[in-house]
Amino acid sequence: MPYIDDCIQMVLERNPGEAEFHQAVTEVLRSLEPVIGRHPEYEKAGLLERLTEPERQIVFRVPWVDDEGRVRVNRGFRVQFNSAIGPYKGGLRFHPTVNLGIIKFLGFEQIFKNSLTGLPIGGGKGGSDFDPKGKSEGEIMRFCQSFMTELYRHIGADNDVPAGDIGVGAREIGYMYGQYKRIRNVYEGVLTGKGLTYGGSLGRKEATGYGLVYFLDEMVKARGRSIKGASVVISGSGNVAIYAAEKAVQLGGRVVAMSDSNGYIYDPEGIRLDTVKQLKEVERKRIREYTAVHPKAEYHEGSWKIWQVPCDIALPCATQNELDGVSAEALINNGCWAVAEGANMPSTPEAVDLFLGKGILFAPGKAANAGGVAVSALEMSQNSMRYSWTFEEVDAKLKEIMTNIYKRASQAAKEYGLEGNLVAGANIAGFLKVADAMMSQGVV
Ligand code: NDP
């Protein structure tokens, strides 16, 4: 379709070198062809040109002093992508690979994900190329304070509410919240993923992982399958991976492999999550240490090799493009029948094509991992009300939201002649709400 081809070309030319952003935009716009065909008014309104250009991009210096007294400088980012349906909402990522293209891809995906939740939140994302690994507590705190010393002027409970992502957990959120409060002298829900003693929501820590498995459960049930008795391989051993594993086990699955960026552990009897939590959440150690506690388990160097472990269900929960065409083939050849993405864009386009082509049940991240941001939005509501819901209340709302996302995505796919294709369905359903709001608000 010429309009879509032109828009993709424009994005590639205007944003050179931003490979992940190109990949995300191409994937979404291609899947919108049937929608644009039915809505010629979108072209006249320049809707896709506006949708692919962030409303605001903030890039800033983050100077801090390390334990040896040396001055270090990192780069900070906040991309406020789209506020058509609510205040910008999306996590902060601290990882050495972070650059503007990665933050833009994540912010772009966030627009559709947030729309799919049915809650009033726009899309944004941020972070820094700071590497928390090997840093002392003092260094982490000073970095977070310096980061917030610039970021505070761009965010607020009613315009932009960041959360965590890779490398940003409760500890980092706490340091950033403290600094925000100190500078602004206001006590407001400007960040989500906060500790429970200062405005955090019960169930937020578990939300992305639990939500992923609730979505998976809906998807497999619709095909007469079950998580019960299934073997599950989960990449990563961070926030999303740990709580996906916990919920998968609660629903009768057996998690046999998990990983970090160095390698993976394999335990055919089922991975002991209490050990993984102790190692990763408390001691901040490498996943290889698991075998010291459970000598019967195996450790293998090379995180990507985890996809060679035979399983029924694969849950990529580490990072973008971690599962390529070769890994997808290995999974399929070993009998894997369902894949649900906990991470953002973990499967390469080749891998997605293979899964869809071979009839593997496939849940795209922007639908399946939306539970985290959904509960973040619930945290915002609780902060506004100055009230807290119980864990059971939050979990019940999360489950309902994930069921509705599944219904919206599968319904949209059906309506546009792509039944069973949740990639297209999620993009279309997420897009339509944002597009409608943008059309109503005029050329802004
Ligand atoms: P964490 O920092 O808690 O954990 C990330 C995990 O992924 C770690 O085990 C890490 O290993 C591993 N990892 C990171 N980079 C690589 C890599 N290049 N290769 C292999 N493994 C890697 O992050 P989260 O669990 O919060 O996030 C994981 C994914 O889920 C991300 O894509 C994020 O955007 C997405 N997501 C997170 C949400 C949330 O609520 N937290 C919400 C929605 C999506 P190591 O320790 O060795 O670095």
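Refer to the structure presented above.
Residues numbered from 1 in each chain as written. Predicted model: local features only at pLDDT ≥ 70, side-chain atom pairs only at ≥ 80, totals over all residues. Heavy atoms only, no water.

Engineer: Talk me through the pairing of strand β7 (residues 254-259); I want residue IDs and the actual numbers.
Structural biologist: For β7, the buried fraction is high: five of the six residues fall into the buried class. Two strands pair when backbone bridges link them, and strand β6 (residues 231-235) and β7 are joined in this way by three bridges, in the parallel orientation. Pairing of Val233 across the sheet is with Ala257, part of β7. With helix α10 (residues 239-250) bridging β6 and the parallel β7, this β-α-β connection has right-handed handedness. As defined by bridge partners, β7 adjoins strand β8 (residues 263-266) across three bridges and the pair is classed as antiparallel. Bridge assignment links Met258 to a residue of β8, and that residue is Ile265. (Buried < 20%, exposed > 50% of the residue type's maximum accessible area, 1.4 Å probe, protein only. Helix = DSSP H or I, 4+ residues; strand = E, 2+ residues; numbered from the N terminus. Pairing = 2+ DSSP bridges. Right-handed = clockwise from strand over helix to strand, strands pointing away.)

Engineer: Tell me about the side chain of Lys104, and name the residues and values.
Structural biologist: Relative to the helices and strands, Lys104 is located in helix α6 (residues 100-116). Excluding its chain neighbours within four sequence positions, the residues that come into contact with Lys104 are Asn15, Glu18, Phe21, Pro54, Gln57, Val79 and Phe81. (Contact = heavy atoms within 4.5 Å.)

Engineer: Please give an account of the pattern of salt bridges that cites residues and values.
Structural biologist: Counted according to the given criterion, the structure contains 21 salt bridges. One salt bridge connects Asp160 with Arg78, and the closest N-O pair in it is separated by 2.7 Å. One end of the pair, Asp160, is in strand β5 (residues 160-163); the other, Arg78, is in strand β2 (residues 71-82), and 82 residues separate them in sequence. In this structure, Asp160 and Arg78 share a single accessibility class: buried. (Salt bridge = Lys/Arg side-chain N within 4 Å of Asp/Glu carboxyl O.)

Engineer: Describe the site of the ligand, naming the residues involved and giving the relevant values.
Structural biologist: Around the ligand lies a shell of 26 residues, among which Asp165, Thr208, Ser261, Arg286 and Asn344 are the nearest. Interatomic distance of 2.5 Å between a side-chain N/O atom of Arg286 and an oxygen atom of the ligand. For the ligand, whose unbound accessible area comes to 890 Å², protein coverage reaches 84%. For the shell around the ligand, the secondary structure elements donating two or more residues are α9 (204-222) and α10. Each residue belonging to the shell around the ligand can be placed in one class, and the counts come to five nonpolar, 14 polar and seven charged. If you count residues domain by domain, the shell around the ligand takes at least three from each of domain 1 (55-188) and domain 2 (205-368). (Near = heavy atom within 4 Å. Polar contact = N/O pair within 3.5 Å; in protein donor to acceptor, adjacent residues only side chain to side chain. Areas by Shrake-Rupley, 256 points an atom, 1.4 Å probe, with all protein chains shown as cover. Nonpolar A, V, L, I, M, F, W, Y, C, P; charged D, E, K, R; others polar. Domains from an automatic or database assignment.)

Purely spatial values, then, with no claim about function.
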